[in-house]
Amino acid sequence: MKLTAAGLQQALISAADEIENQKDALTDLDREIGDGDHGINMARGFQAVKKEMESQENTEDLGELFPRLPAKP
Ligand SMILES: [Mg+2]
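Scope of this entry: the structure provided in the associated data block. Here the structure is a predicted model, which means the values were calculated and not measured.

This next bit is on the coordination of the magnesium ion. At this site the magnesium ion is bound by Asp35 (OD) and Asp37 (OD), with donor distances of 2.0 to 2.1 Å. Of the residues examined, Asp35 reaches a relative accessible area of 62% and is grouped as exposed. The exposure class of Asp37 is partly exposed, given its relative accessible area of 29%.

Below is the structure:
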């Protein structure tokens, strides 16, 4: 099986959708051992990933899918 940029984009979008669907369950689990924000934080982070993946132009280069992190001062 070959990993393509389009395949990775779709996998990350699907993961974001599944985490959004399961955020309440993740938060319930976190309430038992932590501060109960895991599902909320995961969903927020993956929605940002989804937005980035959906904004990408077609590319065959996996490295072009991810924006460069800002350089540290
Ligand atoms: Mg927490």
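In this fold, Asp30 is placed in helix α1 (residues 5-33). One buried charged residue, Asp30, remains without a salt bridge, the closest side chain of opposite sign being Arg31 at 8.0 Å. Ignoring any residue separated from it by four or fewer positions in sequence, one finds Asp30 in contact with Asp35, Gly36, Asp37 and His38.

This part covers the nonpolar core. Of all hydrophobic cores here, the largest spans six residues; its members are Ala5, Leu8, Leu12, Ile13, Met53 and Leu65. Considering each element in turn, this core owes the most residues, four residues, to α1. Here Leu65 is in contact with Ala5, Leu8, Gln9, Glu52, Met53, Gln56 and Thr59, once residues within four sequence places are set aside.

Now for the packing of α1 against helix α2 (residues 38-55). Their axes nearest at 7 Å, the elements α1 and α2 cross at an angle of 165 degrees. With respect to their mutual orientation, α1 and α2 come out roughly antiparallel. Here the hand of the crossing between α1 and α2 comes out left-handed. In contact with Gln9, Leu12, Ile13, Ala15, Ala16, Asp17, Ile19, Glu20, Lys23, Leu26, Thr27 and Asp30 of α1, α2 contributes His38, Gly39, Ile40, Met42, Ala43, Phe46, Gln47, Val49, Lys50, Met53 and Glu54. Partitioned by chemical class, the residues of the contact of α1 with α2 number 12 nonpolar, five polar and six charged.

Across all of its chains, the model carries three salt bridges by this definition. Of the charged contacts, one joins Asp17 and Lys50 as a salt bridge, the two residues approaching to 2.6 Å between their closest N and O atoms. With a gap of 33 residues between them, Asp17 in helix α1 and Lys50 in helix α2 connect regions that are remote in the sequence. Taking relative accessible area as the criterion, Lys50 reaches 17% and is therefore assigned buried. Taking the shortest distance from any N to any O, the salt bridge between Glu20 and Lys23 comes out at 3.0 Å. Linking Glu20 with Lys23, this pair stays in helix α1, spanning three residues, or about one helical turn. A residue is classified by how much of its surface remains accessible, and Glu20, at 29% relative accessible area, is partly exposed.

Here is what the cut-offs are and how they apply
Residues numbered from 1 in each chain as written. Predicted model: local features only at pLDDT ≥ 70, side-chain atom pairs only at ≥ 80, totals over all residues. Heavy atoms only, no water. Donors = N, O, S within 2.8 Å, 3.2 Å for Na, K, Ca; no water. Buried < 20%, exposed > 50% of the residue type's maximum accessible area, 1.4 Å probe, protein only. Helix = DSSP H or I, 4+ residues; strand = E, 2+ residues; numbered from the N terminus. Lys, Arg positive; Asp, Glu negative; His and termini not counted. Salt bridge = Lys/Arg side-chain N within 4 Å of Asp/Glu carboxyl O. Contact = heavy atoms within 4.5 Å. Core = buried A, V, L, I, M, F, W, Y, C linked by side-chain atoms within 4.5 Å. Axes fitted to C-alpha atoms, helices over the stretch in contact; angles between N-to-C directions. Parallel < 35°, antiparallel > 145°, perpendicular 65-115°, else oblique. Left-handed = near helix turned anticlockwise from the far one by under 90°. Nonpolar A, V, L, I, M, F, W, Y, C, P; charged D, E, K, R; others polar.

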